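What the coordinates show
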Amino acid sequence: MERLFRTHYTRKKIEINPIWDFCTVDNNGNKGETIKMVVPSCWESHPNLASYRGKALYSQKFSFGGNIRLVFKGVSHTANIYLDGKFIKYHYNAYTEFDVILKNIDYSEHLLEVQVDNSFHKESSLHVPNDYYSYGGITRPVVVEQLGDTYIKQLHFTPSKTDNVWNAHIKTTIVNLSEKAKTLKVDIQIDEDNAIHFDEVTLAANSENVFEKALEIFTAEEYSIESPQLYYLKAIAYENGQPVDDLIDRVGFRSIKIQGKDILLNGKKLHLKGFNRHEDYAEFGCALPLQAMQRDIEILKDLGSNCVRTSHYPNDERFLDLCDEYGILVWEEAHARGLSEEQMRHKNFDKQSADCISEMIENHYNHPSIFTWGILNECASYTDYGRGCYEKQYSLMRELDESRPLTSASCHFGKDKCLDLLDIVSFNIYPGWYFDEPATEHLKRLKEWIASTEGKDKPLIISETGAGAVYGFRSTNKAKWTEDLQEEILEEQVTSVLENKDCSGVFIWQFADCRVSNENFYARPKSQNNKGVVDIYRRQKLAYKKVKEIFEKFK
Ligand code: ADA
């Protein structure tokens with residue numbers, strides 16, 4: 001299942017066998033032996049492919065016909081899709097969903113082939129050797145939907161509150177795929193008592209129409225961390241009184257506002273206590289099964305976290321669904337980590353970033369748990385060229401979503417040029433780990449410098465702080481990489497941030513250890529970033545209990 005609830009009653013899904021044929025493909029196009037591969041999964045989970053980087057071909061036969069929508073929730077990281085030998089779609093980026101609509105296909109058995117490439121090829125500006133691993137494969141679910149002549153392409157819900165009454169602003173897009181005009185009626189149901197009925201419209205052949213309306217919901221129950229009340233929002237399209245398509249999403253009534261240096265959730269100041277998390281798990285790579293995702297959520301809850309940052313890319317939507325259900329607030333981030341100005345000048349950087357942002361916001365817009373969108377972690381925000389990139393990306397994000405504040409995690413203390421562009425100032429700091437300075441002193445100096453910039457009247461989040469430890473390495477001498485040293489450093493860092501009342505909170509780097517790319521991370525024992533409070537198998541390190549204690553203390 002690609003979501004945690006049923007998204008259609010009228011629209012039909014076509015089942016596909018999860019075992020696909022798979023072979024590696026070398027640079028000359030020669031194919032390796034055909035083996036079986038589970039979809040979704042990372043090919044690194046296969047015993048013979050644990051560190052394979054390159055191209056591969058997935059193929060699957062199944063029967064369908066008519067109008068078909070193929071949805072790929074994530075292919076890592078470059079995909080070329082073919083139907084019956086004919087090229088139908090190219091997509092770049094492992095972490096965003098894309099679809100293909102196929103019209104009037106013959107009813108028969110068809111061959112679907114997905115050519116996947118996870119090499120750091122020259123067209124790739126965002127997947128580069130990095131402090132996490134770019135896995136290979138069809139790593140998130142594939143869905144095949146049977147469409148009629150018309151279908152609901154988009155459904156966006158924006159809650160707001162005025163004079164104590166919740167308002168639901170709805171925007172939905174309906175597409176006519178046929179060669180004839182179609183007369184349709186669209187209804188939106190929010191709950192048993194509240195619905196929006198749009199007037200009947202006639203859509204020209206091969207066209208789409210946007211329907212938009214707002215409704216006051218007097219009975220709405222607020223969505224909060226303590227009580228994450230969710231609603232099923234249903235859009236139904238009718239032709240001649242008969243339902244022809246539907247789309248269901250889950251939403252919540254909550255408001256996020258910035259007031260001076262505070263971030264307000266439903267009018268109350270937020271104190272964020274949480275973690276940065278990579279999608280990575282020893283046996284599964286980035287393709288975590290649902291039970292592993294839920295395990296992570298339970299661990300986050302046990303630690304007393306109220307938030308998580310999807311560093312450094314958009315996440316599997318099932319994880320976001322879980323965050324919605326558990327009341328864990330999400331900083332969802334577009335894909336990019338530590339790119340230099342030279343890397344940002346890559347010929348494809350602007351387009352690949354814009355595509356990632358658009359696909360992330362378009363598809364994850366309704367999640368009530370997402371409280372901010374982030375971009376460009378630790379990129380060149382201190383150069384004029386870099387600033388131009390930040391400016392473009394923020395303006396695109398504001399066009400796509402006016403309702404959420406924007407942020408970016410910076411490490412350029414003293415030289416960042418972008419603090420006027422964002423809504424929340426966020427800094428990654430590692431006192432006691434990468435440099436020797438008491439955390440309180442470092443934070444004080446950081447705040448003094450921010451006070452001299454355009455970021456001075458904005459909220460501040462410490463978006464990363466942490467220290468490394470190799471699981472099981474214990475010593476009273478507190479040597480580097482011991483759990484003992486990690487515990488000591490984290491205690492000082494996290495306490496000093498949470499004691500700062502004018503700081504909106506902390507995201508610890510990081511939740512769990514993660515694999516890093518082989519190419520350039522010689523400073524990472526075991527080729528992992530070892531700053532997790534649990535290891536890559538989710539075994540607790542010493543710091544786990546300490547962080548839990550501190551989070552509990554700052555309730
Ligand atoms: C940075 C970066 C993280 C990670 C971290 C570290 O702040 O954003 O991805 O690399 O440093 O462990 O050094």
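Residues numbered from 1 in each chain as written. Predicted model: local features only at pLDDT ≥ 70, side-chain atom pairs only at ≥ 80, totals over all residues. Heavy atoms only, no water.

**So, the overall build of the protein chain**
Broken down by element type, the protein chain carries 8 helices and 31 strands. Taking 2.2 N^0.38 as the reference for a compact globule, 555 residues should give roughly 24 Å; the C-alpha atoms of the protein chain span a radius of gyration of 24 Å, in line with that estimate. The dimensions of the protein chain, computed from C-alpha atoms along their principal axes, are 75 × 65 × 45 Å. Counting the 555 residues in the protein chain, one finds 60% classified as buried. Counted over contacts in the protein chain with a minimum sequence separation of 6, partners at least 24 positions apart contribute 71%. Counting every atom, the protein chain has about 22200 Å² of accessible surface; 47% of that belongs to carbon and sulfur. If you average the places of the 68 positive and of the 84 negative side-chain charges in the protein chain, the two averages end up 2 Å apart. (Helix = DSSP H or I, 4+ residues; strand = E, 2+ residues; numbered from the N terminus. Rg over C-alpha atoms; globule rule 2.2 N^0.38 Å. Buried < 20%, exposed > 50% of the residue type's maximum accessible area, 1.4 Å probe, protein only. Contact = heavy atoms within 4.5 Å. Areas by Shrake-Rupley, 256 points an atom, 1.4 Å probe, with all protein chains shown as cover. Lys, Arg positive; Asp, Glu negative; His and termini not counted. Charge placed at Lys NZ, Arg CZ, Asp CG, Glu CD.)

**Structural notes on the domain arrangement of the protein chain**
By domain assignment, the protein chain separates into domain 1 (12–147), domain 2 (150–251) and domain 3 (256–553). Computed from C-alpha atoms alone, the centre-to-centre distance between domain 1 and domain 2 is 32 Å. On the side of domain 2, 4 residues touch domain 1, which itself brings 5 residues to the contact. Interface area for domain 1 against domain 2, summed over the two sides, is near 420 Å², with a carbon-plus-sulfur share of 63%. Its largest share of buried area at the contact with domain 2, domain 1 owes to Ile101, Lys103 and Leu147, together 77% of the area lost on that side. Between the two partners, domain 1 and domain 2, sit 0 salt bridges. (Domains from an automatic or database assignment. Buried area = accessible area lost by both parts, 1.4 Å probe. Salt bridge = Lys/Arg side-chain N within 4 Å of Asp/Glu carboxyl O.)

**Examining the sheet that holds strand S16 (residues 207–217)**
The strand order across the open sheet formed by 3 strands is S11-S12-S16, and the pairing between neighbours is antiparallel. Looking at the sheet topology across the chains shown, the edges are occupied by strand S11 (150–162) and S16. This sheet shows a mean twist of 15° between the axes of neighbouring strands, independent of strand direction. Where strand S12 (residues 165–176) and S16 come together, 11 bridges link them in antiparallel fashion. Bridge assignment links asparagine 167 to a residue of S16, and that residue is glutamate 216. (Pairing = 2+ DSSP bridges. Axes fitted to C-alpha atoms, helices over the stretch in contact; angles between N-to-C directions.)

**A look at the pattern of salt bridges**
Close approach of charged atoms lets side chains of opposite charge pair. The final tally for this structure, using the stated rule, is 45 salt bridges. The salt bridge partner of lysine 36 is aspartate 21, with a shortest N-O separation of 3.0 Å. With lysine 36 in strand S3 (residues 35–38) and aspartate 21 in strand S2 (residues 19–25), this pair connects stretches of sequence that are 15 residues apart. On the accessibility criterion, lysine 36 (56% relative accessible area) is exposed. Where aspartate 401 meets arginine 404, a salt bridge forms, and the shortest distance between an N and an O atom there is 2.9 Å. Assessed through its relative accessible area of 2%, aspartate 401 is described here as buried. Taking relative accessible area as the criterion, arginine 404 reaches 6% and is therefore assigned buried.

**Topic: the nonpolar core**
Counting 71 residues, the largest nonpolar core has Phe275, Met344, Tyr390, Met397 and Phe427 as the members making the most contacts within it. Aside from chain neighbours lying at most four places away, what touches methionine 344 is Leu339, Phe349, Leu376, Cys379, Ala380, Tyr385, Gly386, Cys389 and Tyr390. If you look at the next biggest cluster of nonpolar residues, it comprises 29 residues, including Trp20, Ala56, Tyr58 and Ile81. (Core = buried A, V, L, I, M, F, W, Y, C linked by side-chain atoms within 4.5 Å.)

**Digging into the environment of lysine 86**
With respect to the helices and strands, lysine 86 occurs in strand S7 (residues 86–92). Sequence separation between lysine 86 and leucine 112 is 26 residues; the distance between their C-alpha atoms is 9.5 Å.

**Examining the packing of helix H6 (residues 439–450) against helix H7 (residues 483–499)**
Two elements in contact, H6 and H7, have axes separated by 8 Å at closest approach and are oriented at 45°. The angle between H6 and H7 falls in the class oblique. By crossing handedness, the relation of H6 to H7 is classed as right-handed. Here H6 contributes Ala439, Thr440 and Leu443 to the contact with H7, which in turn contributes Glu492, Gln493, Ser496 and Val497. When the residues that make up the contact of H6 with H7 are grouped by side-chain class, the tally is 3 nonpolar, 3 polar and 1 charged. (Parallel < 35°, antiparallel > 145°, perpendicular 65-115°, else oblique. Left-handed = near helix turned anticlockwise from the far one by under 90°. Nonpolar A, V, L, I, M, F, W, Y, C, P; charged D, E, K, R; others polar.)

**With respect to the sheet that holds strand S20 (residues 262–265)**
As a general point, the strands of a sheet are linked pairwise by backbone hydrogen bonds and lie either parallel or antiparallel. Taken in spatial order, the 3 strands of this open sheet run S19-S20-S21, and their pairing is antiparallel. The open sheet has two edge strands, strand S19 (256–259) and strand S21 (268–269), and neither has a second partner.

**Here's the deal with the site of the ligand**
Among the 13 residues in the neighbourhood of the ligand, the closest are listed as Asp131, Glu378, Tyr434, Glu464 and Lys531. The side chain of asparagine 377 places a nitrogen or oxygen atom 2.8 Å from an oxygen atom of the ligand. For the ligand, the protein covers 97% of the area, taking 320 Å² as the surface of the free molecule. A breakdown of the residues in the shell around the ligand according to their chemical character gives 3 nonpolar, 4 polar and 6 charged. (Near = heavy atom within 4 Å. Polar contact = N/O pair within 3.5 Å; in protein donor to acceptor, adjacent residues only side chain to side chain.)

**A look at the pairing of strand S17 (residues 231–239)**
Pairing of strand S13 (residues 182–191) with S17, which is carried by 5 bridges, proceeds in the antiparallel orientation. Looking at S17, one finds that lysine 185 is bridged to tyrosine 238. In terms of strand pairing, S17 meets strand S18 (residues 242–251) through 9 bridges, oriented antiparallel. Of the residues in S18, the one forming a bridge with isoleucine 236 is aspartate 246. Between the end of S17 and the start of S18, which pair antiparallel, lie 2 residues, with asparagine 240 showing a positive phi angle near 50°.

**Section: unusual backbone geometry**
The omega torsion of the bond from serine 76 to histidine 77 falls at 0°, within 30 degrees of zero and hence cis. Note on placement: histidine 77 falls in the loop between strand S5 (75–76) and strand S6 (78–83). You will see that leucine 376, though not glycine, has its phi angle at about 50°, which is positive. Relative to the helices and strands, leucine 376 is located in the loop between strand S25 (370–374) and helix H5 (384–400). For leucine 376, a relative accessible area of 2% corresponds to the buried category. Despite not being glycine, glutamate 378 shows a phi value in the positive range, around 50°. Counting through the fold element by element, glutamate 378 comes out in the loop between S25 and H5.

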